[in-house]
Amino acid sequence: MRFWLHEIPLSSQSLSVRVAEELHKAVIILEDSGVESAAVNAQWLMAHVLGCNRPELGFRQGSTLTAEQKSQWNQLVAERARRIPLQHLIGSVEFCGFELVVNKHVLVPRPETEILAEEACKFAKMRESPVILDIGTGSGCLAIAIAAQSPKGAVHALDISQEALKLAQGNANRNGLSERIIFHETDMREGCPIEEALDLIVSNPPYIPTAEIDTLQEEVREHDPRLALDGGEDGLDYYHSLTMNYLRHLKPQGRLMLEVGDGQAQKVSDLIIKYGGCVLDILSDLNNVERIVVASPGNS
């Protein structure tokens, strides 16, 4: 489910007084706890408790919370006030139209990564039977999105975390793609586990400089796995491995597509060129930050 950052008007005229009052109290609690978009968060939590879509809240006239729902609601608001991520409390997030379960073992997929998924899907659909590798799959979001758009493709997904892979496999099964994706438990820095030449490699690796992790939003630094955040002293550790070890596994007309952190696009491009690759494009996100680097293994 996608978390739109705008507030739906909620009043005692459109909701029962009880629900409206609970929402009002929750907003105050969440604002006092430093939660951004407190009203939106409260609405998502209430929709979860009532078992409805968030836009339906305005039409739940006369709704009241049962004792069980009130207990669940109080617990959810208290946990969100402790800055546990909203997606962890709801239990899922929407990515490229797929509902994915998320938890403390994986990053919550960000909107920026959908740009990478869309670019990868466009390329994969142009290949007859592409062999695709998703490095650091986490929740499986990229592998799942690409596999759905490339029915004749062979999609591989690797991660060092056994817990992440278990979740990714569950997400693939939940979306009817478990037979389309092969999962590998391995450290990307130890080399490519796929013997055949690859048409496409995608990755959203850890890219936060170690010293900056403590400055991140509490939801991220306390609840996202550090393994998926920490990119080393300059944030580029994994890009060294990706360019040095994986470019050579691409077919001549293949593509390497990488998500990068703010201000890293040029440095990652320099690494690609250093190891013989050719940078074809750099795509910006909705905030005009250079976010996706697209490369080939040579002058293709």
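Please refer to the structure placed before this passage.
Cut-offs used in this document
- Residues numbered from 1 in each chain as written.
- Predicted model: local features only at pLDDT ≥ 70, side-chain atom pairs only at ≥ 80, totals over all residues.
- Heavy atoms only, no water.
- Axes fitted to C-alpha atoms, helices over the stretch in contact; angles between N-to-C directions.
- Helix = DSSP H or I, 4+ residues; strand = E, 2+ residues; numbered from the N terminus.
- Parallel < 35°, antiparallel > 145°, perpendicular 65-115°, else oblique.
- Left-handed = near helix turned anticlockwise from the far one by under 90°.
- Contact = heavy atoms within 4.5 Å.
- Nonpolar A, V, L, I, M, F, W, Y, C, P; charged D, E, K, R; others polar.
- Pairing = 2+ DSSP bridges.
- Salt bridge = Lys/Arg side-chain N within 4 Å of Asp/Glu carboxyl O.
- Buried < 20%, exposed > 50% of the residue type's maximum accessible area, 1.4 Å probe, protein only.
- Polar contact = N/O pair within 3.5 Å; in protein donor to acceptor, adjacent residues only side chain to side chain.
- Core = buried A, V, L, I, M, F, W, Y, C linked by side-chain atoms within 4.5 Å.

K.L.:
Tell me about the packing of helix 5 (residues 111-125) against helix 6 (residues 141-149), residues and numbers included.
P.N.:
Look at helix 5 against helix 6: their axes get within 9 Å of each other, and the N-to-C directions meet at 30°. Viewed along their axes, helix 5 and helix 6 adopt a mutual orientation that is roughly parallel. The crossing of helix 5 and helix 6 is right-handed. Every residue of helix 6 that contacts helix 5 at Thr113, Leu116, Ala117, Ala120, Cys121, Ala124 and Lys125 is listed here: Leu142, Ala145, Ile146 and Gln149. In the contact of helix 5 with helix 6, the residues fall into eight nonpolar, two polar and one charged.

K.L.:
Provide a residue-level description of the pairing of strand 8 (residues 278-284), including the pertinent values.
P.N.:
Relative to strand 9 (residues 290-296), strand 8 is paired through six bridges, and the arrangement is antiparallel. Bridge pairing links Asp281 to Val294 in strand 9. Counted between consecutive antiparallel strands, the loop separating strand 8 from strand 9 contains five residues, among which Asn288 sits at a positive phi close to 65°.

K.L.:
Run through the side chain of Asn41, naming residues and quoting values.
P.N.:
Tracing the backbone shows Asn41 in helix 2 (residues 38-50). Not counting residues up to four positions away in its chain, the partners in contact with Asn41 are Leu30, Val35, Glu36, Arg80 and Leu86.

K.L.:
How would you sum up the pattern of salt bridges? Please name residues and give values.
P.N.:
A side chain with one charge can pair with a side chain of the opposite charge if their charged atoms come near. Inspection of every chain in the model, using the stated rule, returns 14 salt bridges. Across the salt bridge formed by Arg226 and Asp230, the nearest N and O atoms sit 3.8 Å from each other. Through salt bridges with shared partners, a single network forms among Arg80, Arg83, Glu218 and Glu219.

K.L.:
I'd like a rundown of the environment of Ser92, residues and numbers included.
P.N.:
Considering the arrangement of structural elements, one finds Ser92 in strand 1 (residues 92-95). Owing to a relative accessible area of 5%, Ser92 belongs among the buried residues under this scheme. As a C-alpha pair, Ser92 and Ser203 span 111 residues in sequence and 21 Å in three-dimensional space. At 2.8 Å, the side chain of Ser92 forms a polar contact with the side chain of Glu99.

K.L.:
Before we move on, can you summarise the environment of Cys192 with the specific residues and values?
P.N.:
Following the sequence through the fold, Cys192 ends up in the loop between strand 5 (181-185) and strand 6 (198-203). Taking the C-alpha atoms as reference points, Cys192 and Gly140, separated by 52 residues in sequence, lie 18 Å from one another. Every residue in contact with Cys192, bar those within four places of it in the chain, is listed here: Leu133, Leu198, Tyr246 and His249.

K.L.:
Residue-level account of the nonpolar core, with values.
P.N.:
Where a protein is soluble and globular, its nonpolar side chains tend to be buried together. Residues Ile181, Leu200 and Met257 are the most contacted members of the largest nonpolar core, which totals 32 residues. The set of elements that each furnish at least two residues to this core consists of strand 2 (98-101), helix 5, helix 6, strand 4 (154-159), helix 7 (162-174), strand 5, strand 6 and strand 9. In contact with Leu200, not counting residues within four places along its chain, are Ala120, Phe123, Ala124, Val131, Ile132, Leu133, Leu250, Arg255 and Met257. Counting residues in each nonpolar core, the second largest holds 30 residues, with Ile194, Leu250, Leu271 and Ala295 among its members.

K.L.:
Let's hear about the side chain of Thr243: which residues, and what values?
P.N.:
By the secondary structure assignment, Thr243 is in helix 9 (residues 237-246). One polar contact links the side chain of Thr243 to the main-chain carbonyl oxygen of Tyr239, over a distance of 2.7 Å. Engagement of the side chain of Thr243 in a polar contact is seen with the backbone oxygen of His240, the distance being 3.2 Å.

K.L.:
Residue-level account of the sheet that holds strand 7 (residues 250-259), with values.
P.N.:
In a beta sheet, neighbouring strands pair by backbone hydrogen bonds and run either parallel or antiparallel. Here we have seven strands laid out as an open sheet, ordered 5-4-3-6-7-9-8, and mixed in their pairing. With one partner strand each, in any of the chains shown, strand 5 and strand 8 form the two edges of the open sheet. Taken over all neighbouring pairs, the strand axes of this sheet differ in orientation by 15° on average, direction set aside. Note: strand 4 against strand 5, five bridges, orientation parallel. Note on strand 5: the bridge partner recorded for Val155 is Ile181. Sheet strands in contact with helix 5 are strand 3 (131-135), strand 6, strand 7, strand 8 and strand 9, and its direction is about 165° off that of strand 7.

These figures capture arrangement, not role.
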